[in-house]
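# Structural description and commentary
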Amino acid sequence: MTATEQSQTLVGIGVGRGIAIGRVLRMPDPLPEPATTPSTIGPDSERDRVTAALQATGADIRERGERAGGKAQEVLEAQALMADDPTLRSEIDTRIDNGATAERAVHEAFGGFRDMLVGLGGYMAERAADLDDVAQRIIARLSGVAAPGVPESDEPFVLVARDLAPADTALLDLDKVLALVTSDGGPTSHTAILAREKSITAVVGVVGARELVDGTDVVVNAGSGEVVVAPSADDVARAEQARAAQLNRASVPIGPGQLADGTAVPLLANLGSTDGIEGALAAGAEGVGLFRTEFLFLDAGSSAPTVAAQYAHYSKLLRGFSGKKVVVRALDAGADKPLPFLNDAHEENPALGLRGLRALRAAEQILRDQLTALARAASESDADLWVMAPMVSTVEETRYFVSLARELGIKTAGVMVEVPSSALLADRVLGEADFASIGTNDLTQYTLAADRMLGSVSSFQDPWHPAVLRLVGEVGRAGSAHGKSVGICGEAAADPLLAVVLVGLGATTLSMSPSAIADVRAELRQHTREQAVQLAQAALRADDARGARDAVNSLVAELASS
Ligand code: PEP
Ligand code: MG
């Protein structure tokens, strides 16, 4: 590491708060596109080659899954199924019959499916990397070359890649990986999911990451979303200090969330399935602030799960949090979470389309069934069930949801504030709803008009932006005027310093992925309520997200030294 080299800072989307210092090791780039020259061995032989390659690739992926276990195994099993898919096989055969080589036919058939997934957008588009990966593995096998994959090293390294496929992530030796840096991929890419699940420092969607070469020293700071290339001795010393402070904070004993002056700020968990209950409790979650029900519906296949199936699922959740608050979100389908039985029509701009509560209203029986199952589960549990509607944009929608929820036996009914209109009219929305929970991921997307799934505009997707914070402040004020709870359940609550700012803006609870709770708990305890308000004001005075972050960091340093 030389202090004379000019350091350079690359920016992307940070996952978590980790800081890592290390050397770059790159994932090899993908194989070149197979040539279009016609087959010289004829269709029968090409088909035999494909059969063998598909079988071997599927078996190889399954075997990796078995070695990895857990969630990685599920993901890899889904990938192995792609290698067995009869529709893809018939697409491959058609091309071979028209004279293509096996390599070219696989490339084109998988490419066609890939384009279709990308066209669907959102979650589906991010699965395109899975298809690409399977195709690469099959083509590598056909061509007798090694499949591009995780590089090996005896020394710990910062892995730089375009985006990691599940087969790669399953094989990563986590003891060696100091951090992940990708040029592609958004906050819901596999790399981000893996990083969150395993608490690996990661910055995704980094502009300029493709130019990083093996052996370059970098400092990766997920909290700021920065990768400092060829850092100076000072940069490294600062990073080491910040990392030590972070380790210190993580050792704060588990206990309820509170500010330095004792103001309670309950720390709740964001969960997507009942699998996460144990981990959330172990992290000290004081309840659930966002239970995303989409996965239950996604897993059910082509129709909505029955009331009985939902009841069983919700009962299990409530049992896990006996005596605690559990906020369940009604199905949030559409845009990044498409569901065939709710949104089958093509929309040019699905994030602005029939999604969230709008989609549920258009298929009201699905909403009625869900609320019925929830009310039944709550009536037999001593957990405190709150239910909220996603993507509420008007006072009328609030009234609609609250009255339907009450009719079906839900005691506490609220709304998510994810659209600026709801934040701007929060005083009236909270006149109708029992509580509000701010989804900062969507609120940021809609405030900055930047698709949250799109890497090219990811720099706009920053909840530190004072425009987003001003809207949060509106909801906080309305909550305090009505004496109602205002939670935060977007990723912003998982950023420790931003969490303090959000409390200063009037948030009364914070909900996040369980792995973030320890850091947020420790940070809250370092600031009084009055200081949180001061920090919020400093952020609001800034012109942009970076300015807000810098202003808050400076004020924290000033308050600490005074
Ligand atoms: C949000 O938008 O902030 C949120 C919590 O909901 P989701 O990320 O599931 O859209
Ligand atoms: Mg949302």
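Coordinates for the structure precede this section.
Residues numbered from 1 in each chain as written. Chains lettered and ligands numbered in written order. Predicted model: local features only at pLDDT ≥ 70, side-chain atom pairs only at ≥ 80, totals over all residues. Heavy atoms only, no water.

## Things to note about the packing of aromatic side chains
Scanning the model with the defined rule gives 1 aromatic pair in all. Judged by centre distance (4.7 Å) and plane angle (50°), the ring pair of Trp 386 and Phe 435 falls under tilted. Highlighted residues: Trp 386 in strand 12 (residues 384-389) and Phe 435 in strand 14 (residues 435-438), separated in sequence by 49 residues. A single burial state applies to Trp 386 and to Phe 435, both of which are buried. The aromatic ring of Trp 386 is capped on one face by Lys 325, whose charged end is 3.7 Å from the ring centroid. Just above the ring of Tyr 400 sits the side chain of Arg 361; from NZ or CZ to the centre is 3.9 Å. (Phe/Tyr/Trp six-rings, centres within 6.5 Å; stacked < 30°, edge-to-face > 60°. Helix = DSSP H or I, 4+ residues; strand = E, 2+ residues; numbered from the N terminus. Buried < 20%, exposed > 50% of the residue type's maximum accessible area, 1.4 Å probe, protein only. Lys NZ or Arg CZ within 6 Å of the ring centre and 35° of its normal.)

## So, the pattern of salt bridges
Where charged atoms from two side chains of opposite charge approach closely, those side chains can pair. Within the structure shown, the criterion is met by 31 salt bridges. Through salt bridges that share partners, Glu 294, Arg 329, Asp 332, Arg 355, Asp 442 and Arg 452 make up one connected network. (Salt bridge = Lys/Arg side-chain N within 4 Å of Asp/Glu carboxyl O.)

## Considerations on the coordination of the magnesium ion (ligand 2)
Within the protein, the magnesium ion (ligand 2) binds to Glu 418 (OE) and Asp 442 (OD); these donor distances fall in the range 2.0 Å. Separated by 24 residues along the polypeptide, Glu 418 in the loop between strand 13 (412-417) and helix 16 (420-424) and Asp 442 in helix 18 (residues 440-448) bring together distant segments of the chain. You'll find Glu 418 and Asp 442 in the same group, each marked buried. (Donors = N, O, S within 2.8 Å, 3.2 Å for Na, K, Ca; no water.)

## What about the environment of Leu 298?
Within the element layout of this structure, Leu 298 appears in helix 11 (residues 294-299). A residue is classified by how much of its surface remains accessible, and Leu 298, at 29% relative accessible area, is partly exposed. Placed 88 residues apart in sequence, Leu 298 and Arg 210 show a C-alpha to C-alpha distance of 34 Å. Residue contacts for Leu 298: discarding those within four places in its chain leaves Pro 338 and Leu 339. (Contact = heavy atoms within 4.5 Å.)

## Points about the site of ligand 1
Surveying the vicinity of ligand 1 reveals 14 residues, the closest of which are Arg 292, Lys 337, Gly 439, Asn 441 and Arg 452. Residue Gly 439 places a main-chain N or O atom 3.4 Å away from an oxygen atom belonging to ligand 1. The separation between an oxygen atom of ligand 1 and a polar side-chain atom of Arg 452 is 2.8 Å. Its free accessible area being 290 Å², ligand 1 has 99% of it covered by the protein chains. Listed by contribution, the elements that provide at least two residues to the shell around ligand 1 are strand 10 (287-292) and helix 18. Of the residues forming the shell around ligand 1, the biggest block, 3 residues, is contributed by helix 18. Among the residues forming the shell around ligand 1, the class breakdown is 3 nonpolar, 4 polar and 7 charged. (Near = heavy atom within 4 Å. Polar contact = N/O pair within 3.5 Å; in protein donor to acceptor, adjacent residues only side chain to side chain. Areas by Shrake-Rupley, 256 points an atom, 1.4 Å probe, with all protein chains shown as cover. Nonpolar A, V, L, I, M, F, W, Y, C, P; charged D, E, K, R; others polar.)

## Side note on the sheet that holds strand 12
Read once around its circumference, the closed barrel built from 8 strands follows the order 9-10-11-12-13-14-15-16, with strand pairing classed as parallel. In this sheet, adjacent strand axes meet at a mean angle of 25° when their direction is disregarded. Judged from the 5 bridges that link them, strand 11 (residues 325-329) and strand 12 form a sheet pairing that is parallel. Pairing of Val 327 across the sheet is with Trp 386, part of strand 12. Contacts from helix 12 (residues 307-320) reach strand 9 (267-271), strand 10, strand 11 and strand 12 within the one sheet, and its direction differs from that of strand 10 by about 155°. (Pairing = 2+ DSSP bridges. Axes fitted to C-alpha atoms, helices over the stretch in contact; angles between N-to-C directions.)

## As for unusual backbone geometry
Positive phi values are uncommon outside glycine, yet Met 391 reaches one of about 55°. Secondary-structure assignment places Met 391 in the loop between strand 12 and helix 15 (395-407). Met 391 gets classed as buried once you look at its relative accessible area, which sits at 1%. Located in the positive-phi region is Ala 449, a residue other than glycine, with phi close to 50°. For Ala 449, a relative accessible area of 72% gives the class exposed.

## What about the sheet that holds strand 4 (residues 157-161)?
Ordered by their spatial adjacency, 8 strands build an open sheet running 1-8-7-3-4-5-6-2, and the pairing between neighbours is mixed. At either end of the open sheet lies a strand with only one pairing partner, and these are strand 1 (8-11) and strand 2 (13-15). Across the sheet, the mean angle separating the axes of adjacent strands is 30° when strand polarity is ignored. Of the pairings in the sheet, the one linking strand 4 to strand 5 (residues 177-182) comprises 5 bridges and is parallel in character. Looking at strand 5, one finds that Leu 159 is bridged to Leu 180.

Everything listed here is a matter of geometry and, on its own, says nothing about what the molecule does.
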